[in-house]
Amino acid sequence: MSDLLAARAQMATSLAFHILFAVVGIAMPVLMVVAEWRWRRTGDAIYLELAKRWSKGTAILFAVGAVSGTVLSFELGLLWPAFMEYAGAIIGMPFSLEGFAFFTEAIFLGIYLYGWTRISPAAHLAAGVLVALSGVASGVFVVIANAWMNAPVGFELVNGRPVNIDPLRAMMTPAALPQTVHMTLAAFSATGMGVAGIHAWLLRREPDAPFHQRALRVALLVGIPATLLQPIVGHWSGQHVAEYQPAKLAAMEAHFETSRMAPLRIGGWPNPDTRSVAASLDIPGGLSFLAFNDPSAEVTGLDRIPREDWPNVRVVHVAFQVMVALGSAMALVALWAAWAMRRGSLVERRRLLTVLGLLAPAGFIAIEAGWVVTEVGRQPWIVQGLVRTADAVTPVPGLIVPFVTFTLLYVLLGIAVTWLLYRQIIRTGPRGEFYGTREFRTMQRPAA
Amino acid sequence: MNNGIDLPDYLAGIMVLALHAYALFGGADFGGGVWDLMASGPRRNAQRELVADAIGPIWEANHVWLILVVVMCFTCFPAAFAAYAIALHIPISLMLVGVVLRGSAFTFRTYDSRRDDVQRRWGLVFSVASLVTPILLGVTLGAALSGAVAAAQTAPDAWGRFVAPWIGPFPWAIGGFVLALFAYLAAVYLTIEAPDEALREDFRRRALVAALAVFALGGVALLMARADAPFLWHGLVETQRAILVHAMAAASAVVAAWALWRRYYEVARLAAVLEVSSIVWGWAWVQWPFFVPPDRTIDDLASPRATLRLVAIGLSVGFCVLVPSFWVLFRIFKRNPRPFGDAEGA
Ligand code: HDD
Ligand code: HEM
Ligand code: HEM
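Residues numbered from 1 in each chain as written. Chains lettered and ligands numbered in written order. Predicted model: local features only at pLDDT ≥ 70, side-chain atom pairs only at ≥ 80, totals over all residues. Heavy atoms only, no water.

Draft legend 1. Just the environment of Phe188(A), in detail. All names here are of chain A. Mapping Phe188 onto the fold places it in helix H6 (residues 176-205). Considering only alpha carbons, one finds Phe188 and Ala27, 161 residues apart in sequence, at a separation of 5.2 Å. For Phe188, the contacting residues outside a window of four places in its chain are Ile26, Ala27, Val30, Val136, Met193, Val222, Gly223 and Ala226. (Helix = DSSP H or I, 4+ residues; strand = E, 2+ residues; numbered from the N terminus. Contact = heavy atoms within 4.5 Å.)

Here it is as structure tokens:
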């Protein structure tokens, strides 16, 4: 494995690991706050149990998110020093703002988790709201930095170096809006439907458990709207890609020849050598229409891109198919669940509960697939059209060693977290050890 | 060389401030882990509980100071960030393994089963990582300020570029010094947070021992600077600035030790904080105006004005949010008993 490949693999592993925890850190606070708020409104102690149980899980996941994020901020320099030297002055700003969002998120999460009995109920709920807001802000800022890598603006090039830098302009890169909206919705969609799926699955075994019934409702309340919006925003994101990164779009669609009436390819296995796609379902004019709102529009194909500047077409195309397929399936199931909720028959529909349970990991897989589309689709560029990834990598030799080390570390952490969540939170059943404790009884009286 | 104080100097100063905050708060959290590892005697479980209670709600927020240093470095001084990240790749990566293990093992211990063997297993990972990480942080800082990073950029071979900057005795002496300093701070803070006299005495003794270690390791590091970090040696021994720095640090160290001896814990805490502050700011002052010693200045390495100005504005707004938030956090957990519940039967 070359050093460049090892560096890319280490970056990809670290991000793919971090994003799972980041997404939970964005969306779980909203679920906790909704549950706590329901408890204060209704006095129904099960909602309190729910908020407590969820915040325990969030505490574990947040800590792993925080430490893996710390690794990432160093890795930007450890692996890509030339990139940071080039881009630090341009896109450091969103990272600095992100730093402050981390501060408020960590501060108020500490207050939320450890402060149940130390501050007034209203202050406690307010702390939860602040955690949720800063979580969204951290995600938005870092995705803005990534959007700039896809559509770099806010500077002029003189002799290959950026001058006249305008970091505010850089933050307004056209890719920022669709990417941040899509990512934020992704967090709510994946987490909401994921949590709903877990409780739906447990409801199949204990259909009468009021704990899981309420949990399912709160999670769907957050998950369904985001899941329904996601395909629409994804389409918007795709139109931006069509405009600013034609090579990425061509790879996503395995579109080898520039043409009008370009077909939408569903599924299939591209062969970049023969420039053909096996076993795909083609909808004539579909791609032209989706990309430019006009079935006869011309869509740039990979033939207009020098061969050495192609991204890996197979990886990008398949990853895109995975994301879109899962996104569409989730949206259909979200519609089904919304309809069942309106009818008041949510928990009686075993088949719906089964499908929700099976789709629990879908949002997280879609997120990983989406990032593969974005990142692999941008190759061979680290900054689209300006800096090649190969030119940005660190001169340090033997990069396979840190790659293997961090991968092992993350595999072990992943196992430990899964085990812990399962043993200490999911398997403790609807009547957790918290019921009946003195702390619980005093908290059952909501403040006036 | 431009000796005026200007926007880049202010931003470098804020980085020192963030590092200072990290030492005072995050450093003490690491120190707490060291005392978890060294818990002993009849009250060893109580000592561990005190440490866990003291750092539980705040370590994640305290940890963000380090992230602020990093993001400010790559935004305001990107070339310096790149030079450090290349020459110090190995110790920084090792430090990050420690950061990951410390944070996650601490959290896993908090939420995993109360069974003794489970608690001990996570506790061991947490406390060993708390011991190793500050050493590696110190090695990184020591190498950075020794002047070896600049020399590494022109070294002919891989050893000279990626290993030599941090393998020498001086960075490791700074590593030991940072570890002692963090453990010392933690012990001093814990004398105040201890719920009873017996525990207070435990940590008073530990603080006194750690004070000796700080003194000894500081001396060792200084002597090694003569050969390994001539730039720093010159600054710390042969300039007028140095006298003031040494006087401040020494005076507060003596006051802290005396106050610990006489059990004036609040005075001891104040003096220990002053001691660490004079070390951090003294080092910054001696190094100024160089960012990558011995010859690359803050001005040479700074990003363009537009970036610096924007970061300065962002920081001002950010600190307006941050300072009250931290105040609330520390007020809630470092002062109040529990007025809104009786989980502990109060
Ligand atoms: C729950 C997760 C999820 C779901 C259901 C979808 N996506 Fe997505 N998608 C993401 C999660 C995601 C992501 C992880 O959030 C990405 C990666 C980078 C980004 O900004 O968002 C992304 C990127 C991404 C991009 C690339 C943007 C770029 O490179 O700038 C496109 C074109 C789409 N998506 C399109 C879609 C479409 C048409 C979907 C329809 C069903 C869809 N996504 C569902
Ligand atoms: C290069 C990319 C990234 C870097 C350098 C980075 C850096 C960090 C750092 C340093 C932290 C720790 C903060 C703390 O201690 O509280 C963190 C946490 C977090 N990050 Fe990332 N991050 C990256 C990618 C992302 C992405 C793509 C998202 C989201 C959409 C994201 C969202 C978050 C959130 C919400 C947290 C809060 C902690 C948590 O919820 O677990 N990050 N990140
Ligand atoms: C958090 C979710 C993300 C995931 C899962 C992700 C995934 C990936 C993957 C798969 C690669 C390897 C690309 C390849 O080998 O072809 C990569 C590379 C990279 N990503 Fe992303 N990415 C994410 C977000 C970000 C963000 C927010 C940034 C920065 C601002 C970023 C910066 C980079 C850099 C610098 C590289 C290495 C250079 C490159 O391959 O372009 N990534 N990431």
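Draft legend 2. The arrangement of the confidence of the model for chain A in detail. Residue and element names in this part refer to chain A. Averaged over every residue, the pLDDT of chain A is 89; residues scoring 70 or more account for 95%. Per-element averaging of pLDDT across chain A places helix H15 (residues 438-443) at the bottom with 44 and helix H12 (residues 362-378) at the top with 96. Considering only residues more than four positions removed or in separate chains, one finds that residues 430-448, a stretch of pLDDT under 50, has 39 contacts. (pLDDT = per-residue confidence, 0-100.)

Draft legend 3. Focus on a nonpolar patch on the surface. Residue and element names in this part refer to chain A. A surface patch of nonpolar side chains, amounting to about 550 Å² of accessible area, comprises Met1, Leu5, Ile400, Val401, Val404 and Leu408. Here the element with the most residues in the nonpolar patch is helix H14 (residues 400-426); it accounts for four residues. Following the sequence through the fold, Val404 ends up in helix H14. On the basis of relative accessibility, which here comes to 39%, the residue Val404 falls in the partly exposed class. (Patch = residues over 30% accessible without salt bridge, like charges linked within 9 Å, V, L, I, M, F, W, Y side chains within 5 Å. Areas by Shrake-Rupley, 256 points an atom, 1.4 Å probe, with all protein chains shown as cover. Salt bridge = Lys/Arg side-chain N within 4 Å of Asp/Glu carboxyl O. Buried < 20%, exposed > 50% of the residue type's maximum accessible area, 1.4 Å probe, protein only.)

Draft legend 4. Spatial organisation of the coordination of the iron atom of ligand 3. In this structure the iron atom of ligand 3 is ligated by exactly one protein donor, Glu375(A) (OE), at 2.4 Å. Of note, Glu375(A) is situated in helix H12. (Donors = N, O, S within 2.8 Å, 3.2 Å for Na, K, Ca; no water.)

Draft legend 5. Representation of the site of ligand 1. Residue and element names in this part refer to chain A. Inspection of the region around ligand 1 gives 25 residues, with Gln179, His182, Lys248, Met323 and Thr374 positioned closest. His182 is positioned with one of its side-chain polar atoms (N or O) 2.6 Å from a nitrogen atom of ligand 1. One nitrogen or oxygen atom from the side chain of Thr374 is found 3.3 Å from an oxygen atom belonging to ligand 1. At the level of elements, H6, helix H7 (210-244), helix H8 (246-253), helix H10 (313-343) and H12 are the ones that each hand at least two residues to the shell around ligand 1. The element best represented in the shell around ligand 1 is H7, accounting for seven residues. Looking at the shell around ligand 1 residue by residue, the classes come out as eleven nonpolar, 13 polar and one charged. (Near = heavy atom within 4 Å. Polar contact = N/O pair within 3.5 Å; in protein donor to acceptor, adjacent residues only side chain to side chain. Nonpolar A, V, L, I, M, F, W, Y, C, P; charged D, E, K, R; others polar.)

Draft legend 6. The site of ligand 2, seen in detail. What surrounds ligand 2 is a group of 24 residues, the closest being His18(A), Gly25(A), Gly65(A), Gly69(A) and Phe102(A). With respect to ligand 2, the side chain of His18(A) contributes an N or O atom lying 3.0 Å from a nitrogen atom. At a separation of 3.4 Å, an oxygen atom of ligand 2 approaches a polar backbone atom of Phe62(A). Looking at the shell around ligand 2, the elements that each hand over two or more residues are helix H1 (3-42), helix H2 (45-79), helix H3 (81-114) and helix H4 (121-150) of chain A together with helix H3 (59-76) of chain B. Classifying every residue of the shell around ligand 2 gives 14 nonpolar, eight polar and two charged.

Draft legend 7. How the structure looks around the pattern of salt bridges. Counted according to the given criterion, the structure contains 17 salt bridges over all chains. Here Glu36(A) and Arg40(A) are joined by a salt bridge, their closest N and O atoms 2.5 Å apart. On the criterion of helical spacing, the pair formed by Glu36(A) and Arg40(A) is a turn pair, its members being four residues apart in helix H1. Owing to a relative accessible area of 0%, Glu36(A) belongs among the buried residues under this scheme. Taking the shortest distance from any N to any O, the salt bridge between Asp36(B) and Arg109(B) comes out at 2.8 Å. Residue Asp36(B) is located in helix H1 (residues 7-37), and its partner Arg109(B) is located in helix H5 (residues 89-111); the two are separated by 73 residues in the primary sequence. Asp36(B) sits in the buried class, given a relative accessible area of 2%. Residue class for Arg109(B) comes out buried when judged on its relative accessible area of 8%.

Draft legend 8. Representation of the coordination of the iron atom of ligand 2 in the model. Counting protein donors to the iron atom of ligand 2 gives just one, His18(A) (NE2), placed at 2.1 Å. Mapping His18(A) onto the fold places it in helix H1.

Draft legend 9. Fine view of the interface of chain A and chain B. Contacts between the two partners involve 62 residues from chain A and, on the opposite side, 68 residues from chain B. Carbon and sulfur atoms supply 79% of the area that chain A and chain B bury against each other, a total of about 6,000 Å² over both sides. When the buried surface of chain A facing chain B is broken down by residue, Phe100(A), Phe103(A) and Arg118(A) rank first, second and third, together holding 13% of it. Every element with two or more residues in the side of chain A that touches chain B is listed here: H2, H3, helix H5 (167-171), H14 and H15 of chain A. Examining the composition of the side of chain A that touches chain B, we find that 21 residues originate from one element, H3(A), more than from any other. For the side of chain A that touches chain B, the residue count by class is 41 nonpolar, 16 polar and five charged. (Buried area = accessible area lost by both parts, 1.4 Å probe.)

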